[in-house]
Amino acid sequence: MLEKGRISPRQTGQLLFITTIATVIFFAPSLIASLAGHDAWLAALLGPMFTLITLLLITWLGRKHPGQTIFQYSETILGKWLGKAVALLYVWGFLHIGAMAVREFGDFMTTSFMSHTPISVFNFSMLLLCAWSVLVGLEVIARMNEFIIILIVSFLLLILFFSLPNWELDYLLPFFARGPLPVLQAALIPAAWHGNIIVLAVILPFMTRPTRAFLAGTAAIFASTTLLTIGVVGMTAIFGPELSSSFLFPLHLFAQTINIGQIITRFESVVMTTWMAGIFIKTSVFYYCAALGLAQVLNLKEVRPVVLPLGIILGTLSISLFQDVTMLGNFLKETRPYYTISLYFLGLPLLLFAVTLIREKIFGVCFGEQTNEA
Amino acid sequence: MKRRNCILAALLACSLIFTSGCWDQVEIEDLAIVRAIAIDYLPGRRAPYLVTLAIKRPAAMGQQEGGGGGEQVVFYAGVGASIALAIEQAATHIPRRIFLTHNDLVIVGEQLAKHGLLPVLDFVVRNPDMRLSAFLLIAKGTGQELLHTAERLEGSITEEIHGLIDQAEDAAETQPVPIFRFLRKITTPGEEAYTVVIQASPLPKDKLPAANGEGAQAGEGGGNGGGGAKQEKSLALAGMAVFRSDRLAGILNHSEARGKLWLAGMTTRGIMAVDDPVHPEETVTLSLTRSQTKITPSVQAGRISFRVEVEAEGDLISQSSQADLSTAEMIEKLNSAKAGAIKVEMEKALQKMRQLETDVVGFGAILKRREPKIFREVADRWPEIFVEVPVEILVKANIRRTGLQAKPAQPLSTAK
Amino acid sequence: MPSAFSMLRKLLKYKLADNSSEEKQAGCRGDAIRQEDSPLLEKRLDLIRKRLGESKDIVIREFSSNNNQVKLAILYVDGLVDRRLINDHIIRPIQSDFVVKNFSHRLAEKNALQLLKKHITSISEVAEAANLTQAIRMMFSGDTALLINGEEKILVYSTRAWDRRAVTEPETEPAVRGSREGFTETLRTNTALLRRRIRHENLRLESMKAGRRTGTDVVLAYINDIVNPLTLEEVRRRIAAIDTDSILESGYIEEFIEDVPFSIFPQLERTERSDKAAAAVLDGRILIMVDNTPHVLIVPTSFFQFIQASEDYYERPYIAVVLRLLRLFVLNIALMLPAVYVAIITFHQEMLPTSLLLSIAAAREGVPFPAVAEALLMEAIFEVLREAGVRLPKTVGQAVSIVGGLVIGDASIRAGLVSPSMVIVVAVTAISTFALPAFNASIALRILRFPLIMLAGMMGLYGVIFGLVIILIHLAGLQSFGVPYLSPLAHGSVSDMLKTFARPFWWMTRRRADELGLQNMKRQAGNMGPRKTPFAKRELTHDNTEEHDAGKR
């Protein structure tokens with residue numbers, strides 16, 4: 001076994017919550033607003049519902065193959081080589097998403113806070129922390145997360161609360177003016193982030209009670225959807241949809257508007273702290289999944305040997321993936337939702353699901369169902 | 001193996017940390033803390049932007065007790081083809097790093113406001129150091145001159161402006177607008193932006209007749225240390241600048257500004273005068289404590305119209321006659337007089353807005369919220385439509401309290 | 001580079017190997033003389049003299065009983081025994097006529113042992129040592145050995161009595177409310193203090209020994225039907241595995257049995273307070289009591305125990321909530337304040353309110369050092385002062401604090417060497433450090449402060465958080481005897497989590513903490529909640545008195 005630690009359903013839920021909310025609330029609101037306008041909040045509310053399908057698929061697959069990660073059961077289902085290919089595709093997916101998260105953070109730091117510091121400093125130091133936490137294992141990441149989640153949630157609520165005087169809810173109207181199409185299109189953007197619960201397919205076998213996986217995932221999705229929706233409502237109410245769609249880091253500007261009697265003001269650094277903590281956990285989880293996946297594909301005894309190479313790949317990716325911020329923004333808005341959802345969040349799980357069904361129903365192969373019930 | 005890895009990782013971390021760092025580090029005493037920035041436009045020049053930075057000298061604060069601290073605020077100016085270039089030019093004279101994060105006043109000269117505010121707004125939003133909660137003020141004349149006005153009560157001119165803004169939040173006529181709100185208004189269809197006008201005007205004392213003037217001037221002149229040879233000027237908020245898109249359309253005076261706020265439902269506090277119902281030549285002063293405005297658009301057979309209902313509450317705060325105004329009948333009369341006065345203000349404001357072709361109240365935005373389909377049809381022509389769209393104004397006023405006395409004291413001589 | 005590393009490693013290895021061999025030798029020397037023991041008294045005494053050398057405090061007295069029929073010798077260490085007890089209850093009965101009168105025909109060297117033990121000597125605690133080595137070891141703990149000619153076994157009487165420090169209030173852990181009895185250096189006194197608090201048959205005090213040369217007694221105290229047996233077994237195993245020549249303080253044991261010895265954080269809680277120790281035992285934890293140490297170790301330990309003080313449990317629960325939150329805040333201050341201050345004034349000046357920014361800028365004008373250097377310097381000076389204050393006699397300590405605090409602080413500000421705001425920050429940090437109930441935890445914070453300040457000086461808040469995350473990764477990975485160090489906040493039930501910050505009323509505290517895996521979770525009955533005093537009854541009595549009074553009138 002590559003991972004000895006076990007995490008509780010609650011910790012799983014918290015991990016999933018942070019992996020989704022950590023980036024979505026910092027980046028997505030303006031992207032959503034640019035597509036859905038006044039109905040951005042509706043898109044934010046609807047988007048994650050797509051992810052429930054992903055969640056259903058991976059918990060179903062997880063129940064079919066108890067004790068196995070997606071890297072392992074893809075081999076069981078599709079056969080050795082095809083399965084390994086799928087697993088490697090997932091490893092790449094986790095690396096890609098992780099690298100994007102790091103890049104987003106690095107860009108934020110260099111644009112908003114420390115414009116003279118090269119981005120590589122932030123990316124590599126962040127990855128160093130993540131590498132260490134990957135080495136100490138999933139259980140420790142989950143435990144740290146229980147701490148960090150308090151920090152992140154309370155800071156986010158604090159920012160939202162203090163911005164309340166600036167809200168003008170009139171700006172949320174008119175409701176549903178442009179019809180359903182832009183809303184659905186915009187809903188893909190938060191869905192692309194919420195699809196991050198695909199990591200459940202990797203950490204599910206390490207839960208103390210894997211039967212609770214669906215519950216944990218649903219709770220995480222609902223919690224982060226709620227928070228995201230409040231954030232989007234707040235942003236629309238403060239800036240109006242037209243203005244907010246032009247922002248790169250909406251939450252940062254959001255915090256800038258807070259000014260209660262000249263005393264409760266200057267919350268930007270709180271945003272930075274929150275985001276850094278969130279990105280740390282998120283990247284650690286993705287890094288961990290990638291490392292575990294690679295180790296399982298290569299049949300290694302432990303994760304250790306692949307951590308450093310993967311870290312270097314992550315670091316290089318995080319710097320070379322995008323030329324500049326504009327490219328990052330366009331990618332996040334136009335390419336990422338379709339790419340991640342069609343491939344990782346829905347496509348491959350559906351494939352695995354379909355092949356399992358076909359093999360079971362038509363060829364009568366049994367996949368570990370009995371052991372699960374026994 | 002394990003230990004070696006650890007050592008290597010530690011070394012890597014150390015080198016990462018020690019070789020990096022310090023790029024953005026700056027000691028607090030090496031900052032030029034900008035407290036206000038004035039941006040002017042010099043038409044016809046190749047480098048039209050004139051930026052004046054008001055920089056606070058911390059040393060002056062620290063030595064207040066010792067005396068001789070020197071000026072609290074120092075000004076630097078630069079010109080350039082863009083705001084950033086102008087600041088860059090000013091920076092060549094500043095021995096410290098320009099620090100804009102604590103700047104919460106952006107003062108724009110009238111010329112630039114007429115030319116268009118987009119460069120200013122773009123600079124503010126794009127620059128992470130500039131804050132969206134900073135206030136946007138339009139200077140009558142140039143911003144630079146305004147900043148160079150001598151401070152009176154406060155330690156420096158920037159604090160003086162801050163004080164005025166803080167006070168203005170309580171007054172009805174002029175409300176300071178943070179930049180993010182301004183931005184939101186100019187980006188929202190069917191709505192135009194507005195902000196406060198600030199002006200350096202002569203002190204009211206020279207309006208007194210010459211006969212009494214000397215005594216008054218001597219009294220005040222002593223406080224100023226001057227003989228009154230030079231005319232003293234002081235800053236005041238002088239109405240509301242209204243915009244068409246990002247360009248200054250015109251300036252509403254105090255009562256028009258209040259009329260606009262009535263229309264937008266934003267009046268907070270203030271006082272107004274109406275004629276005494278018993279002795280029409282006397283004045284009754286009423287305060288405004290609370291008001292509510294409701295704007296309902298209606299579309300009938302393709303014709304757009306608006307209905308504005310205002311409900312205003314207030315107290316009676318003074319009267320110049322000795323009539324007993326505390327009866328129900330009198331209060332009723334006062335109420336209708338007040339409602340009439342408010343309606344006049346609102347109509348004046350509306351008229352001015354139509355004259356300037358700018359919908360600062362946001363009738364268009366309201367229409368958009370209620371009737372999005374109809375607004376979409378007229379969105380492009382909204383400014384023209386706004387000028388002609390009928391607006392029905394209904395005002396209901398209530399006088400709730402009469403201060404600490406119900407009816408005025410009756411001196412014996414007049415009571416006879 | 002790599003070659004240098006391997007050199008270093010080799011050197012280290014060599015050193016390690018060297019150490020271990022030395023240890024082995026030391027171990028051997030302890031019982032170097034392996035001369036044949038013999039039951040014959042003279043030979044035995046010879047052997048004893050050889051083994052113990054010419055130590056003046058070891059008293060060997062030969063005497064005989066029953067008209068020289070039985071030859072005996074007693075052996076004790078002067079100063080560790082109650083001599084009157086030996087005289088009156090061992091030597092006198094054996095030598096008296098009483099023996100001759102009653103046992104003259106029965107008492108011979110062959111059966112002396114049982115007779116002496118059962119009928120003659122009058123000391124309550126007697127043991128039989130199987131061989132000389134054992135007897136000598138017991139003798140060094142203050143027992144008296146009675147050697148009988150021709151008898152292999154040796155009688156050992158408990159005659160321990162030495163000058164001991166009285167039970168006083170623990171100085172390092174004073175409390176407003178609660179028992180003032182602190183542990184002392186004498187193990188027996190300490191166990192008695194514990195027994196007095198827990199009078200239950202299942203309180204077990206398990207003896208062990210550690211330290212080849214010091215022969216230190218170690219007692220494990222736990223309640224048999226509560227404690228997690230796996231934890232207990234692990235503690236036993238780890239203590240038994242200690243093979244060293246000396247245990248002078250419980251700190252030695254602490255280091256030997258810690259899970260992660262390299263960690264900067266203490267993984268065992270220690271206390272001098274007897275009430276705290278008793279509470280820990282009742283919570284299902286295990287006490288490790290070490291002779292000659294007033295500090296008792298508590299395992300397993302979680303980090304949040306360091307923000308709890310015993311009087312939290314004695315005063316109203318409301319104040320406990322406030323105090324715990326306050327301590328948590330103080331803990332953060334003690335760890336981060338100087339670092340955050342440095343980060344803010346060198347990187348994130350926008351975070352300060354404008355007037356504060358201006359006054360700090362004004363104060364820093366003319367200060368020659370960068371803020372980081374200033375912070376490090378001031379922290380270092382503070383550490384020096386603190387250390388001087390601890391080492392100096394109390395009377396002089398006062399002077400040091402005056403010179404240090406007032407003179408240096410004031411003069412350096414006046415001279416413009418440091419800014420007043422930095423002095424305030426350092427002072428607040430220092431005070432916060434002392435507001436934490438656990439000294440050993442605050443040591444860790446004090447050390448970690450310095451790297452955090454450096455990180456802050458290089459990377460601002462990002463650096464501070466970088467450092468904090470490193471600390472968090474470390475903490476989250478720590479375990480204390482199988483219990484996660486950050487439990488119950490990470491990895492625990494919700495009610496346990498809340499209990500970290502808010503202690504419930506005692507009548508609500510029905511269960512013990514989940515994280516320890518105890519055998520018996522139930523602490524008390526569930527129906528202890530607030531009960532209404534019957535109102536009618538009170539009224540009745542009231543009425544009665546009134547009537548009574550009226551009748552009187």
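Now for a look at the structure at hand. What you see is a predicted model; the values in this text were computed from it and never measured. (Residues numbered from 1 in each chain as written. Chains lettered and ligands numbered in written order. Predicted model: local features only at pLDDT ≥ 70, side-chain atom pairs only at ≥ 80, totals over all residues. Heavy atoms only, no water.)

## So, the overall build of chain C
Moving on, step 1. When its secondary structure is counted, chain C shows 19 helices and twelve strands.
Moving on, step 2. Looking at the 553 residues of chain C, the share that counts as buried comes to 47%.
Moving on, step 3. Once local pairs closer than 6 in sequence are excluded, the contacts in chain C between residues at least 24 apart make up 65%.
Moving on, step 4. Carbon and sulfur atoms make up 58% of the accessible area of chain C, which amounts to about 27900 Å² in all. (Helix = DSSP H or I, 4+ residues; strand = E, 2+ residues; numbered from the N terminus. Buried < 20%, exposed > 50% of the residue type's maximum accessible area, 1.4 Å probe, protein only. Contact = heavy atoms within 4.5 Å. Areas by Shrake-Rupley, 256 points an atom, 1.4 Å probe, with all protein chains shown as cover.)

## Observations concerning the interface of chain C and chain A
By convention, interface size is frequently given as the accessible area that disappears when the constituent parts associate.
Moving on, step 1. Contacts between chain C and chain A engage 32 residues on the former and 29 residues on the latter.
Moving on, step 2. Taking both partners together, chain C and chain A bury about 2600 Å²; carbon and sulfur atoms supply 75% of that area.
Moving on, step 3. Taken together, chain C and chain A are joined by zero salt bridges.
Moving on, step 4. Counting across the interface, chain C meets chain A through three residue pairs in polar contact (both at pLDDT 80 or more).
Moving on, step 5. Sorting the residues of the side of chain C that touches chain A by element identifies α17 (461-477) and α18 (494-501) of chain C as the ones contributing at least two each.
Moving on, step 6. Per element, the largest residue contribution to the side of chain C that touches chain A is eleven residues, and it comes from α17 of chain C.
Moving on, step 7. Class assignment for the residues of the side of chain C that touches chain A results in 22 nonpolar, nine polar and one charged. (Buried area = accessible area lost by both parts, 1.4 Å probe. Salt bridge = Lys/Arg side-chain N within 4 Å of Asp/Glu carboxyl O. Polar contact = N/O pair within 3.5 Å; in protein donor to acceptor, adjacent residues only side chain to side chain. Nonpolar A, V, L, I, M, F, W, Y, C, P; charged D, E, K, R; others polar.)

## What to know about the packing of aromatic side chains
Moving on, step 1. Using the criterion set out here, one finds 38 aromatic pairs over all chains in the structure.
Moving on, step 2. Ring geometry for Tyr339 of chain A against Tyr344 of chain A: centres 5.7 Å apart, planes inclined by 85 degrees, an arrangement best described as edge-to-face.
Moving on, step 3. For Tyr339 of chain A, a relative accessible area of 22% gives the class partly exposed.
Moving on, step 4. In this structure Tyr344 of chain A comes out as buried when scored by relative accessible area, which is 2%.
Moving on, step 5. When the ring centre of Phe481 of chain C is taken as reference, the NZ or CZ atom of Arg238 of chain C above it lies at 4.2 Å. (Phe/Tyr/Trp six-rings, centres within 6.5 Å; stacked < 30°, edge-to-face > 60°. Lys NZ or Arg CZ within 6 Å of the ring centre and 35° of its normal.)

## Notes on the pattern of salt bridges
All names here are of chain C.
Moving on, step 1. Tallying each qualifying case throughout the model produces 54 salt bridges over all chains.
Moving on, step 2. Across the salt bridge formed by Arg160 and Asp143, the nearest N and O atoms sit 3.1 Å from each other. Here Asp143 lies in strand β4 (residues 143-148) and Arg160 lies in the loop between β5 (154-158) and α7 (187-197), a separation of 17 residues in the sequence.
Moving on, step 3. A relative accessible area of 36% means that Arg160 is categorised as partly exposed.
Moving on, step 4. A residue is classified by how much of its surface remains accessible, and Asp143, at 3% relative accessible area, is buried.
Moving on, step 5. Salt-bridge contacts for Arg414 lead to Asp410; the nearest nitrogen and oxygen are separated by 3.1 Å. Of this pair, Arg414 and Asp410 both sit in helix α14 (residues 394-414), separated by four residues, roughly a single helical turn.
Moving on, step 6. Classification of Arg414 by relative accessible area gives exposed; the value is 69%.
Moving on, step 7. One salt-bridge network, in which partners are shared between bridges, spans Glu379, Glu383, Arg386, Glu387, Arg446 and Arg449.

## What about the interface of chain A and chain B?
Moving on, step 1. Counting residues at the interface gives 36 residues for chain A, matched by 31 residues for chain B.
Moving on, step 2. Between chain A and chain B, the buried area comes to about 2900 Å², and carbon and sulfur atoms account for 55% of it.
Moving on, step 3. It is Tyr171, Gln256 and Arg266 of chain A that lose the most area in chain A upon contact with chain B, and together they represent 20% of the buried surface on that side.
Moving on, step 4. Linking chain A to chain B there are three salt bridges.

## Here's the deal with the sheet that holds strand β6 (residues 203-210) of chain C
Residues and elements named next belong to chain C.
Moving on, step 1. Strand order in this open sheet of five strands is β6-β7-β9-β10-β8, and the pairing throughout is antiparallel. This sheet does not close on itself; its edge strands, each paired only once, are β6 and β8 (269-271). Strand after strand, the sheet turns through a mean of 25 degrees between neighbouring axes, direction not considered.
Moving on, step 2. Strand contacts of helix α8 (residues 229-240): β6, β7 (216-223), β9 (286-290) and β10 (296-299), with the helix running at about 175 degrees to β7, the strand carrying the most contacts. (Pairing = 2+ DSSP bridges. Axes fitted to C-alpha atoms, helices over the stretch in contact; angles between N-to-C directions.)

## Quick look at the pairing of strand β2 (residues 49-56) of chain B
Residue and element names in this part refer to chain B.
Moving on, step 1. Among the eight residues of β2, eight are classified as buried, and the element is accordingly described as predominantly covered.
Moving on, step 2. Every second residue of β2 is oriented toward a common face, with Tyr49, Val51, Leu53 and Ile55 on one face and Leu50, Thr52, Ala54 and Lys56 on the other, all of them buried.
Moving on, step 3. With eight bridges connecting them, strand β1 (residues 31-41) and β2 associate as antiparallel partners. Of the residues in β2, the one forming a bridge with Tyr41 is Tyr49.
Moving on, step 4. Direction of pairing for β2 relative to strand β3 (residues 73-80): antiparallel, over a ladder of eight bridges. Across the sheet, Thr52 pairs through a bridge with Ala77, a residue of β3.

## Digging into the nonpolar core
Moving on, step 1. Counting residues in hydrophobic clusters, the biggest one holds 288 residues, and the most contacted among them are Ile32, Phe94, Phe239 and Phe280 of chain A together with Val106 and Phe363 of chain B.
Moving on, step 2. Examining the composition of this core, we find that 20 residues originate from one element, helix α11 (residues 268-297) of chain A, more than from any other.
Moving on, step 3. Those residues in contact with Phe239 of chain A that sit more than four places away from it in its chain are Ser244, Phe247, Leu253, Phe254 and Thr257 of chain A together with Leu132, Phe180, Arg184 and Thr187 of chain B.
Moving on, step 4. Residues Phe63, Ile94, Leu107 and Leu146 of chain C belong to the second largest nonpolar core, which totals 23 residues. (Core = buried A, V, L, I, M, F, W, Y, C linked by side-chain atoms within 4.5 Å.)

## A look at the packing of helix α5 (residues 119-136) of chain A against α11 of chain A
Residues and elements named next belong to chain A.
Moving on, step 1. Contact pair α5 / α11: the axes reach a minimum separation of 9 Å and the direction vectors enclose 55 degrees. The angle between α5 and α11 falls in the class oblique. α5 and α11 meet at a crossing whose hand is right-handed. When α5 is examined against α11, the residues Met126, Leu127, Leu129, Cys130, Ala131, Ser133 and Val134 are found in contact with a partner set consisting of Met276, Ile279, Phe280, Thr283, Ser284, Tyr287, Tyr288 and Ala291.
Moving on, step 2. Among the residues making up the contact of α5 with α11, the classes are represented as twelve nonpolar, three polar and no charged. (Parallel < 35°, antiparallel > 145°, perpendicular 65-115°, else oblique. Left-handed = near helix turned anticlockwise from the far one by under 90°.)

## Examining the side chain of Thr283 of chain A
Moving on, step 1. Its location among the elements puts Thr283 of chain A in helix α11.
Moving on, step 2. Apart from the residues lying within four places of it in its own chain, the contact partners of Thr283 of chain A are Gly98, Ala101, Val102, Leu127 and Cys130 of chain A.

## Details of a nonpolar patch on the surface
Residues and elements named next belong to chain A.
Moving on, step 1. Taken together, the side chains of Leu46, Met49, Phe50, Leu184 and Phe222 present a nonpolar region at the surface, about 400 Å² in accessible area.
Moving on, step 2. At three residues, the largest contribution of residues to the nonpolar patch is made by helix α2 (residues 40-64).
Moving on, step 3. A residue is classified by how much of its surface remains accessible, and Met49, at 31% relative accessible area, is partly exposed. (Patch = residues over 30% accessible without salt bridge, like charges linked within 9 Å, V, L, I, M, F, W, Y side chains within 5 Å.)

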